[in-house]
Amino acid sequence: MLGDSAYATGDMLHTLAGKKWTPLVKPWPLNPAVAGGFTVDDFTIDRPAGTATCPAGITRKITSNGNVTYGIVCRECPLATRCTSSARGRKLVIGEHDQLQREHRKRAADEGFQALYRQHRPMVERSIAWLTRGNRRVPYRGVDKNNNWLHHRVAGLNLRRLLAMGLKVENGTWVLT
């Protein structure tokens, strides 16, 4: 499945994995708490045990809502300057599909993935631009009317694209040349 980074949420990656589809979407960038410091991927997450271990080897429990707080142990840590600037220590929020997102970020770093993404991304972005050109807002009131409009608009764009690719009728049959 090809898409932009809006499709790289944990829920979407989980849905695609359930369908056994390979996501070809740009992952969301990781922002370290300190410039050039550790990101969430530098922490080891053990879901079955419900723990997170920092790069310095300190392990903390993951709460039921996915929070991990290291607190005052960060004050004595030799790696603290690369991890957090907070006096209260590092805090992580681990999403339900964190492991899927980690795997996706690792897969996306592969040169083969990036080459394939660069090959197809311009067409996806162009298609979105065609779809929304002059239509930044839905034109009708009501879901049914807008759904009908959207399907007709996409069908028209698809037909235009097929014609540009050489769609024509030969002996009563549609063919791409």
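Placed above this text is the structure.
Residues numbered from 1 in each chain as written. Predicted model: local features only at pLDDT ≥ 70, side-chain atom pairs only at ≥ 80, totals over all residues. Heavy atoms only, no water.

1. Some thoughts on the packing of helix H4 (residues 111–132) against helix H5 (residues 143–164)
Cut-off, in case you're wondering: Axis definition: a line fit to C-alpha positions, over the contact stretch in the case of helices; interaxial angles, taken between N-to-C directions, run 0 to 180 degrees. Helix and strand assignments follow DSSP, with helices taken as H or I runs no shorter than four residues and strands as E runs no shorter than two, numbered in order from the N terminus. Angles below 35 degrees are treated as roughly parallel, those above 145 as roughly antiparallel, those between 65 and 115 as roughly perpendicular, and all remaining angles as oblique. The handedness criterion is simple: a crossing whose near helix is rotated anticlockwise from the far helix by less than a right angle is left-handed, and one whose near helix is rotated clockwise is right-handed. Contacts between residues were defined by any pair of non-hydrogen atoms, one from each residue, lying within 4.5 Å. Throughout, the ten residues Ala, Val, Leu, Ile, Met, Phe, Trp, Tyr, Cys and Pro are labelled nonpolar, Asp, Glu, Lys and Arg are labelled charged, and all others, Gly among them, are labelled polar.
Running from N to C, H4 and H5 cross one another at 130°; their axes reach a closest spacing of 10 Å. Classified by the angle their axes make, H4 and H5 are oblique. Relative to H5, the crossing made by H4 is right-handed. Two secondary-structure elements touch here, H4 through Met123, Trp130 and Leu131 and H5 through Leu150, Arg153, Val154, Leu157, Arg160 and Arg161. Among the residues forming the contact of H4 with H5, the class breakdown is 6 nonpolar, no polar and 3 charged.

2. Quick notes on empty space enclosed by the protein
Cut-off, in case you're wondering: A 1.4 Å probe that fits but cannot get out identifies a cavity on a 1 Å grid over protein atoms alone, an open set with protein on both sides within 12 Å along at least five of seven lines counts as a pocket, and a residue lines either if it has an atom within 4 Å of a point. Grid points are joined across faces, edges and corners, and a volume is the space filled by probe spheres set on the points.
Scanning the entire structure with this criterion turns up 1 cavity of 30 Å³ or more. The space that makes up the largest cavity amounts to roughly 90 Å³. Cys54, Ala56, Cys74, Cys77 and Cys83 are the residues nearest the centre of the largest cavity, which is lined by 13 residues in total.

3. Remarks on the nonpolar core
Rule in force here: In this text, buried Ala, Val, Leu, Ile, Met, Phe, Trp, Tyr and Cys residues form a nonpolar core when linked through side-chain atoms within 4.5 Å. Only protein chains enter the accessibility calculation, which uses a 1.4 Å probe. A residue is then buried if its area is under 20% of the maximum for its type, exposed if over 50%, and partly exposed in between.
Phe43, Ile45, Ala52, Val68, Tyr70, Leu92 and Ile94 are the most contacted members of the largest nonpolar core, which totals 13 residues. Not counting chain neighbours up to four residues away, the residues in contact with Val68 comprise Ala52, Arg60, Lys61, Ile62, Arg90, Lys91, Leu92 and Ile94.

4. Some details on the pairing of strand E8 (residues 167–170)
Stated formally: Only strands joined by at least two bridges in the DSSP assignment are considered to pair.
Both E8 and strand E9 (residues 173–176) contribute to a ladder of 4 bridges, which runs antiparallel. From the neighbouring strand, Glu170 faces E9, where its bridge partner is Thr173. In this structure, the hairpin formed by E8 and E9 is closed by a connection of 2 residues, where Asn171 is found at a positive phi of approximately 55°.

5. Quick word on the layout of surface pockets
The volume enclosed by the largest pocket comes to roughly 330 Å³. If you go around the largest pocket, you meet 14 residues; those closest to its centre are Met123, Val124, Ser127, Ile128 and Leu131. Sorting the residues of the lining of the largest pocket by element identifies strand E1 (2–3), H4 and H5 as the ones contributing at least two each. At 6 residues, the largest contribution of residues to the lining of the largest pocket is made by H4. Here the second largest pocket is characterised by a volume of approximately 240 Å³. Along the walls of the second largest pocket sit 15 residues, with Trp28, Leu30, Val40, Gln101 and Arg105 positioned nearest its centre. Breaking the lining of the second largest pocket down by element, the ones donating at least two residues are strand E7 (91–93) and helix H3 (98–108).

6. Re the pattern of salt bridges
We apply this condition: The rule for a salt bridge is simple: a side-chain nitrogen of Lys or Arg has to be within 4 Å of a carboxyl oxygen of Asp or Glu.
Counted according to the given criterion, the structure contains 4 salt bridges. The partner of Arg102 in a salt bridge is Asp98, and the shortest N-O contact between them spans 2.7 Å. A residue pair is termed a helical-turn pair when its members lie 3 or 4 positions apart in one helix, as Arg102 and Asp98 do in helix H3 at 4 residues. The residues Arg102 and Asp98 share a single accessibility class, namely buried. Between Glu170 and Lys168 there is a salt bridge whose closest N-O contact spans 3.9 Å. Classification of Lys168 as partly exposed rests on a relative accessible area of 39%.

These values are about where atoms sit, not about what they do.
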